[in-house]
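Residues per chain, in single letters:
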2 protein chains.
Amino acid sequence: MLAYLGPQGTFTEQAARGLAKPDDDLTPYDTVPAALDAVRRGDVDAACVPVENSVEGAVPATMDALASGDPLVAVGEIVLPVRFSILVRPGSTGSVKTVTSHPHALAQVRSWLAKNLPEAQVVPSSSTAAGARAVLAGEFDAAVSAPVAVHHYPLEELATGVNDVEDAKTRFLLVERPGTLPAPTGSDRTSVVVTAADRIGALSELLAELALRRINLTRIESRPTKGRLGEYRFYIDLDGHVAEPAVGDALAALHRHCPETRFLGSYPRAEAGVGKTDDSGFEAAAQWLTKIRTGNGA
Amino acid sequence: MLAYLGPQGTFTEQAARGLAKPDDDLTPYDTVPAALDAVRRGDVDAACVPVENSVEGAVPATMDALASGDPLVAVGEIVLPVRFSILVRPGSTGSVKTVTSHPHALAQVRSWLAKNLPEAQVVPSSSTAAGARAVLAGEFDAAVSAPVAVHHYPLEELATGVNDVEDAKTRFLLVERPGTLPAPTGSDRTSVVVTAADRIGALSELLAELALRRINLTRIESRPTKGRLGEYRFYIDLDGHVAEPAVGDALAALHRHCPETRFLGSYPRAEAGVGKTDDSGFEAAAQWLTKIRTGNGA
């Protein structure tokens, strides 16, 4: 059983299908916290939630819901290009007088609509899938939807790839209760959220711990901690797997520095990274330390 | 003349009114880039744009539009609590059967609606102001709006402060063409966007330059640079004014490290910060350096 941010027929369902095992049942939930709580309660095995979009930015609902409550860890990620299609009722040959979708989607196809359907009235809906349903019900002529919507609604594509920005992408995480970690693949990402003291240089010290171990940071975002003024949470993504010596040693260092440290998972990267962190030296150094501590070397 | 992200009757207009001079004309623009381009062209003197929301996160449209194009600098900021009102037609005493607003606003009053108007049908609109206009036109019974909307539409408040999260806030910037900077007040913020090389430790070095000068970081956010794979922009807010020795010295250091550095302004903080950066030592050090370089000291 796999939860995802619903409704059916959206990009998150498309991502969930990409991350699911062949026999997984997919269940839509109304909100990101609801989907994650279903995993925490054990109602489902995993949840697929959006975490970052190249046009809209980070998804604070996901970041906040992962940072609090019972811990969950990401075991996989998928990056989907944001592609929109224009869906109409099958056999509909008349002109398109009305177009509906979620305001975010409408904003991302504004130029295409102005060029190709300049006369059409644009009407907002509560989600891209709700727009598709309204077209099916005959309320509007066309909907701007994720391509996956055609799996749920008997609609036809009038056009596809109608988004104004061509390289927009959304990243999704597959999240489970803590358990066996995915094995390192040599191209992994590790996510962690830490609370830093409200002190000059606190973040600089944390990042120095990563840099000194030659660990590549791929994303950092600060969010105010709710309720505690002036205290920040930092969401950090880095290249490598916690099973690797350099990453493990760095996470231990973050734990020493930070009042709160929460591991959000190590999982295969969807896109190629810079490759494996250089761990040479860590094992030799540990052996040397053991020797000098036991009087067997110097 | 002051541009703002429209339409009329939204939080951004409310922020613009708070930042405007008494005789400023306020003009709404459809998008953040359109408002900023109006400043660049000289059509208006300044623009008020949202930059950060405690619930929704950063506003990527604003960050991206400030990072490219002709440079603009912030000269002021304002932080507004996100408060929503329920607006109805004056004298309307019947029950509320339909409620409309932008999906973001509807999401932020979900609990209030479930408790107080459980029977009402919820219908999305393209903006909170569009929802207010639809109520005025008699299409729906109630709109979820910014309190400022009652200045534009002859509607009445059925309830106010209906937002589920009480401490949600949005930060807005007042942006102008580069010119005379606002004078330091002792409680200022400086914003800068830098491009860091795609190299391990690059960000750590930048933040060390701030920490070594005892400069307090108040926000950091990474965004991928469009078109150049693996290169990141970092949006950094810090306490202090560029006219102060420590901050000026730190910005010069960032300029040495980074392929691109863009100053986004020094302006009075809306909320109290940690106070003035400690500049003691900078002047004495400069005098000492001059002396030893000229053979007058050691």
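Residues numbered from 1 in each chain as written. Chains lettered and ligands numbered in written order. Predicted model: local features only at pLDDT ≥ 70, side-chain atom pairs only at ≥ 80, totals over all residues. Heavy atoms only, no water.

### Some thoughts on the sheet that holds strand 10 (residues 156-160) of chain B
Either a parallel or an antiparallel arrangement is found when strands of a sheet pair, and the pairing is made through backbone hydrogen bonds. Residue and element names in this part refer to chain B. Taken together, the 5 strands give an open sheet; going across it, the order is 8-7-9-6-10, and neighbouring strands pair in mixed fashion. Strands with a single pairing partner mark the edges of an open sheet, and in this sheet they are strand 8 (121-124) and strand 10. The sheet shows a mean angle of 30° between the axes of neighbouring strands, taken without regard to direction. Bridge analysis of strand 7 (residues 98-101) against strand 9 (residues 142-145) gives 2 bridges, and the strand direction is parallel. Across the sheet, residue V99 finds its bridge partner in strand 9, namely A142. Helix-sheet contacts for helix 6 (residues 128-136) involve strand 6 (85-88), strand 7 and strand 9, and the interaxial angle to strand 9 is about 160°. (Pairing = 2+ DSSP bridges. Helix = DSSP H or I, 4+ residues; strand = E, 2+ residues; numbered from the N terminus. Axes fitted to C-alpha atoms, helices over the stretch in contact; angles between N-to-C directions. Contact = heavy atoms within 4.5 Å.)

### Concerning the confidence of the model for chain A
Averaged over every residue, the pLDDT of chain A is 88; residues scoring 70 or more account for 95%. Least confident of the elements in chain A is strand 4 (residues 57-58) of chain A, whose mean pLDDT is 70; most confident is helix 2 (residues 32-41) of chain A, at 95. (pLDDT = per-residue confidence, 0-100.)

### Focus on the relation of the copies chain B and chain A
Once chain B has been moved 0.0 Å along the axis and rotated by 180°, it coincides with chain A to within an RMSD of 0.0 Å. Those values place the two copies in the arrangement expected of a two-fold rotation axis. Minimal C-alpha separation from the rotation axis in chain B is found for E221 of chain B, amounting to 2.4 Å. (Least-squares fit on C-alpha atoms with pLDDT ≥ 70 in both.)

### Describing the domain arrangement of chain A
Residue and element names in this part refer to chain A. What the domain assignment reports for chain A is domain 1 (1-82 + 168-179), domain 2 (85-160) and domain 3 (181-298). If you average the C-alpha positions of domain 1 and of domain 3, the two centres end up 24 Å apart. In this complex, domain 1 contributes 24 residues to the contact, which on the side of domain 3 involves 21 residues. Summed over both partners, the interface of domain 1 with domain 3 buries about 1700 Å², with 50% contributed by carbon and sulfur atoms. For the pair domain 1 and domain 3, the interface holds 4 salt bridges. (Domains from an automatic or database assignment. Buried area = accessible area lost by both parts, 1.4 Å probe. Salt bridge = Lys/Arg side-chain N within 4 Å of Asp/Glu carboxyl O.)

### Comments concerning the packing of aromatic side chains
Residues and elements named next belong to chain B. This model, assessed by the stated rule, comprises 2 aromatic pairs over all chains. Their ring planes at 85° and their centres at 5.3 Å tell us that F11 and F84 sit as a pair that is edge-to-face. Of this pair, F11 sits in helix 1 (residues 11-19) while F84 sits in the loop between strand 5 (73-81) and strand 6, and the two are 73 residues apart along the sequence. Given the relative accessible area of 14%, F11 is considered buried. What makes F84 buried here is its relative accessible area of 4%. (Phe/Tyr/Trp six-rings, centres within 6.5 Å; stacked < 30°, edge-to-face > 60°. Buried < 20%, exposed > 50% of the residue type's maximum accessible area, 1.4 Å probe, protein only.)

### A look at the environment of L289 of chain A
Residues and elements named next belong to chain A. Turning to its location among the elements, L289 is positioned in helix 9 (residues 282-293). Look at L289 and you get partly exposed, because its relative accessible area is 33%. Placed 210 residues apart in sequence, L289 and V79 show a C-alpha to C-alpha distance of 42 Å.

### A look at the packing of helix 7 (residues 202-212) of chain A against helix 7 (residues 202-212) of chain B
Their axes nearest at 9 Å, the elements helix 7 of chain A and helix 7 of chain B cross at an angle of 150°. Regarding the angle of helix 7 of chain A to helix 7 of chain B, the classification is roughly antiparallel. The two elements helix 7 of chain A and helix 7 of chain B meet at a crossing, and its hand is left-handed. Of helix 7 of chain B, the residues touching helix 7 of chain A (which contributes L203, S204, L207, A208 and A211 of chain A) are L203, S204, L207, A208 and A211 of chain B. Residues belonging to the contact of helix 7 of chain A with helix 7 of chain B are distributed by class as follows: 8 nonpolar, 2 polar and no charged. (Parallel < 35°, antiparallel > 145°, perpendicular 65-115°, else oblique. Left-handed = near helix turned anticlockwise from the far one by under 90°. Nonpolar A, V, L, I, M, F, W, Y, C, P; charged D, E, K, R; others polar.)

### Structural notes on the pattern of salt bridges
Two side chains bearing opposite charge may form a pair once their charged atoms approach each other closely. All names here are of chain B. Within this structure, the stated rule accounts for 34 salt bridges over all chains. Here D37 ties to R40 by a salt bridge, and the two come within 3.0 Å at their closest N and O atoms. Here D37 and its partner R40 are both found in helix 2 (residues 32-41), 3 residues apart, which amounts to about one turn of the helix. Among the residues examined, D37 registers a relative accessible area of 33% and is labelled partly exposed. Judged by its relative accessible area of 17%, R40 falls in the buried class.

### A short note on the side chain of S127 of chain B
Turning to its location among the elements, S127 of chain B is positioned in the loop between strand 8 and helix 6. Among all residues touching S127 of chain B, those that are not within four sequence positions of it are P7 and H102 of chain B.

### Things to note about a nonpolar patch on the surface
On the surface, W288, L289 and I292 of chain B cluster together into a nonpolar patch covering about 260 Å² of accessible area. Within the element layout of this structure, W288 of chain B appears in helix 9 (residues 282-293). (Patch = residues over 30% accessible without salt bridge, like charges linked within 9 Å, V, L, I, M, F, W, Y side chains within 5 Å. Areas by Shrake-Rupley, 256 points an atom, 1.4 Å probe, with all protein chains shown as cover.)

### Here's the deal with the pairing of strand 12 (residues 188-196) of chain A
All names here are of chain A. Summarising burial for strand 12: 9 of the 9 residues are buried, a large majority. In strand 12, alternate side chains face the same way, and those of D188, T190, V192, V194 and A196 on one face and R189, S191, V193 and T195 on the other are all buried. Bridging between strand 12 and strand 15 (residues 260-268) involves 8 bridges; their strand directions are antiparallel. Counterpart to V193 in the pairing with strand 15 is R262. Note that strand 12 and strand 14 (residues 232-239) share 8 bridges and pair antiparallel. Considered in strand 14, the bridge of T190 is made with L238.

### Regarding the sheet that holds strand 7 (residues 98-101) of chain A
Residue and element names in this part refer to chain A. Spatially, 8-7-9-6-10 is the arrangement adopted by the 5 strands of the open sheet, whose pairing is mixed. Each of the sheet's edge strands pairs with one partner strand only, and the pair in question is strand 8 (121-124) and strand 10 (156-160). Each strand axis lies, on average, 30° off the axis of its neighbour in the sheet, ignoring direction. As judged from the 4 bridges shared by strand 7 and strand 8, these two strands associate in the parallel manner.

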